[in-house]
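Observations on chain architecture
Single-letter residue listing:
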Amino acid sequence: MPGENNTEAPSGNFITHIIDEDLETGKYDGRVVTRFPPEPNGYLHIGHAKSICLNFGIAKRYNGTCHLRFDDTNPLKESIEYVESIKEDVRWLGYDWQDHLYFTSDYFDQLYAYAVQLIKAGKAYVDSLTPDEIREFRGTLNTPGKESPYRDRPVEENLALFEQMAKGELEEESCVLRAKIDMASPNIVMRDPTLYRIRKKDHHRSGSKWCIYPMYDFAHCLSDSIEKVTHSICTIEFVNNRELYDWLLDALDVYHPQQIEFARLNLSYTVLSKRRLIQLVSEGHVSGWDDPRMPTLSGLRRRGYTPSSIRKFCDTIGVARRDSMVDISLLEYTLREELNRFAPRVMAVLNPVKVIIENYPEGRTETLEAVNNPEDPSMGSRSIPFSREIYIERDDFMEDPPKKFFRLAPGREVRLRYAYFIKCNDVIRDDSGNITALRCTYDPETRGGNTPPDGRKVKATLHWVSAAHAIDAHVRLYDHLFNVENPMQSGDFQQHLNPGSLVSADVSKLEPGLKDAEPGSHFQFERMGYFFTDPEDSSPGAPVFNRVTTLRDTWAKIKKTL
RNA sequence: UGGGGCGUCGUCAAGCGGAAAGACACAGGAUUUUGGUUCCUGCAUUCGGAGGUUCGAAUCCUCCCGCCCCAGCCA
């Protein structure tokens, strides 16, 4: 895999400014500890990559550590399948948590003890209101809440009740543990937030040991504290929760990391919310979490995106607090930038039309030299067969071409890459008028694609493949999943699904060397784009190719203006 | 219209009182056996708006406008 090890620290941003300051003042004795804390309830997507690169990148930059912590406090939604996929994705992205793999569920005993401590301090109570009542009592955005009648239960009673909750002696929804803060707080998060709820459900790690599970706000700050995290970096929707984060840590008088929020990533022409992604999978709009059209890390990996191009992308988008929508062309750019340097060039005709070279001897085959990568001479060259009948791209011929079309047309001469100049003399059609073949003649003096002695020039160079030698292969042409920049902006996002997001080119003709393409390898199909040998669907001798992205296509732009 | 967050080029994003980085996108041009790559060039007299402070403001103050988040026993 090219560009494997460039996990260099990302550029500076407002968070590194804060850390620089903390380092100067000695706030955490020079330590820098971050963490990436996914809930194992779905697959990671490129938005998570931003957070992973940020957290691991900062640890690297400051010679600190970054923990991978599974925030597994809700057994209803979580499973081991997700923790495995998340670990795989983080590793694939190029990051190593070393021995800092943690689970919030491993802290359940300690978290319970903290809850007891809070109760003893008179700062938490067991509330027996129903869920509906709790909601009513919470008030609204502009009206204060009311205190629960159970709010002033004596400490002993709270302790006894909480123990009963933990032992499974009380029913789900019969009561919860709440922090005693301020029902009139303008910040709704502070209106006696729920700390623990009863869930008589086995946990994928702690099994049946617990009948109560801590809520995010309680578990997260304390997990950070237990792990001695210094900078707890999360997304901006948690700004309101920071007041509670700080309150809990102060109330318990424990080590106090600082929470810092940044804006989550939005990418044009796709969706990045777990809920929508699940919907796309479960409703069959895509083949799975790793469908190459998905913005999940497993989808991008399957498509052929490289870890280093994603890292580069995350670095160049930067980190800030304002809402943003990053243009997906930037992602495509970082991929091309890398693959341009490393991907071997190869010729593949995706939508073939036959060319018969009338003055080329029948039955003759010759071998021509083709450069593997003009960006890197050390990649050498290869031999490709040439013969009387070849295939070229159907789009490379026009019978009645517009002025700016430089390719093949009746009476016009073009170059075949690494081969000869050919001139089109005649068009052959079937009964319904479709073009089935082109009759051409070649100029033997242009072998290798060289300019002939008379110096005549040609305006286009086409890729081609020898008909007798070409192999057939499945090629999938992927495009954006949605046909609007922001599918969430209007109506149901699914109505913006791009019907052309996957086009199969099953009659593709490829140069013979591709028969044994290694699954998981990258190529540039000259003039067509970057392609990846699908690791799942390829089999020995029968590769399947995914188009990762097209080449920049100036002609496509011109064509639109015609 | 309770509280909080945020508004700098089409899209991201630097800037932190001394006079608007960079990247993508876009538009020209050069080179090119990929209409690719590479290379030049152009692209915010202006920082949501209006006032004010200052010799000097995107940066400080005031007011206004707009967008986003919060009323899960989700995270």
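The structure presented is a predicted model; accordingly, all values stated were derived computationally and were not measured. (Residues numbered from 1 in each chain as written. Chains lettered and ligands numbered in written order. Predicted model: local features only at pLDDT ≥ 70, side-chain atom pairs only at ≥ 80, totals over all residues. Heavy atoms only, no water.)

Some remarks on the overall build of chain A
Each helix and strand counted, chain A has 13 helices and 25 strands in total. Its C-alpha radius of gyration of 31 Å places chain A more than 25% over the 24 Å reference for a compact globule of 562 residues. Projected onto the principal axes, the alpha-carbon positions of chain A cover approximately 100 × 55 × 45 Å. Put simply, chain A has 562 residues, and 53% of those count as buried. Partitioning the intrachain contacts of chain A with sequence separation of at least 6 by distance along the chain shows that 71% fall at a separation of at least 24. For chain A, the computed accessible surface area is about 25100 Å², with 47% contributed by carbon and sulfur atoms. Each charge class in chain A was averaged separately, 71 positive and 85 negative side chains, and the resulting centres sit 4 Å apart. (Helix = DSSP H or I, 4+ residues; strand = E, 2+ residues; numbered from the N terminus. Rg over C-alpha atoms; globule rule 2.2 N^0.38 Å. Buried < 20%, exposed > 50% of the residue type's maximum accessible area, 1.4 Å probe, protein only. Contact = heavy atoms within 4.5 Å. Areas by Shrake-Rupley, 256 points an atom, 1.4 Å probe, with all protein chains shown as cover. Lys, Arg positive; Asp, Glu negative; His and termini not counted. Charge placed at Lys NZ, Arg CZ, Asp CG, Glu CD.)

Some words on the domain arrangement of chain A
On domain assignment, one finds that chain A holds domain 1 (274–344 + 475–561) and domain 2 (348–470). For domain 1 versus domain 2, the distance between C-alpha centres works out to 29 Å. Domain 1 puts 21 residues into the contact, and the matching count from domain 2 is 27 residues. Ranking the residues of domain 1 by area buried against domain 2 places Lys509, Arg527 and Trp555 at the top, with a combined share of 33%. When the shortest N-O distance is used, the salt bridge between arginine 417 and glutamate 526 registers 2.2 Å. Put simply, domain 1 and domain 2 have eight residue pairs in polar contact (both at pLDDT 80 or more) between them. Elements with a contribution of two residues or more to the side of domain 1 that touches domain 2: α12 (328–342), β21 (471–478), β22 (502–510) and α13 (554–561). The dominant element in the side of domain 1 that touches domain 2, judged by the number of residues it contributes, is β22, at five residues. When its residues are assigned to classes, the side of domain 1 that touches domain 2 shows 14 nonpolar, two polar and five charged. (Domains from an automatic or database assignment. Buried area = accessible area lost by both parts, 1.4 Å probe. Salt bridge = Lys/Arg side-chain N within 4 Å of Asp/Glu carboxyl O. Polar contact = N/O pair within 3.5 Å; in protein donor to acceptor, adjacent residues only side chain to side chain. Nonpolar A, V, L, I, M, F, W, Y, C, P; charged D, E, K, R; others polar.)

Some remarks on the protein's contact with RNA strand B
Close to RNA strand B lie 68 residues, the nearest being Arg345, Phe406, Arg407, Arg417 and Gly448. Across the atoms of RNA strand B situated within 4 Å of the protein, the share located in sugar and phosphate is 64%. Between RNA strand B and the protein, one listed contact pairs a phosphate oxygen with a side-chain N or O atom of arginine 138 at 3.1 Å. Contact between RNA strand B and isoleucine 317: a sugar or linking oxygen at 2.8 Å from a main-chain N or O atom of the residue. Secondary structure elements with two or more residues in the surface near RNA strand B: α5 (131–137), β6 (194–198), α12 and α13. Tallied by class, the residues present in the surface near RNA strand B amount to 26 nonpolar, 19 polar and 23 charged. (Near = heavy atom within 4 Å.)

Side note on the sheet that holds strand β11 (residues 348–349)
Spatially, β10-β23-β24-β25-β21-β22-β11 is the arrangement adopted by the seven strands of the open sheet, whose pairing is mixed. Each edge of the open sheet carries a strand with a single partner, namely β10 (345–346) and β11. Running at roughly 120° to strand β25 (residues 544–549), α12 makes contact with β10, β23 (522–525), β24 (529–533) and β25 of the sheet. (Pairing = 2+ DSSP bridges. Axes fitted to C-alpha atoms, helices over the stretch in contact; angles between N-to-C directions.)

Observations regarding the pairing of β21
Most of β21 is tucked away: six of the eight residues are buried. Inspection of the sheet shows β21 paired to β22 by seven bridges, in the antiparallel sense. For isoleucine 471, the partnering residue across the bridge sits in β22 and is leucine 510. In this sheet, β25 lies alongside β21 in parallel orientation, the contact comprising three bridges. Looking across to β25, one finds that valine 475 is bridged to phenylalanine 545.

A look at the environment of serine 206
Along the chain, the position of serine 206 falls in the loop between β6 and β7 (212–214). Relative accessible area serves as the criterion here: at 17%, serine 206 is assigned to the buried category. Placed 48 residues apart in sequence, serine 206 and valine 254 show a C-alpha to C-alpha distance of 25 Å. Non-local contacts of serine 206, meaning those with residues more than four positions away in its chain, are made with Phe108 and Tyr213.

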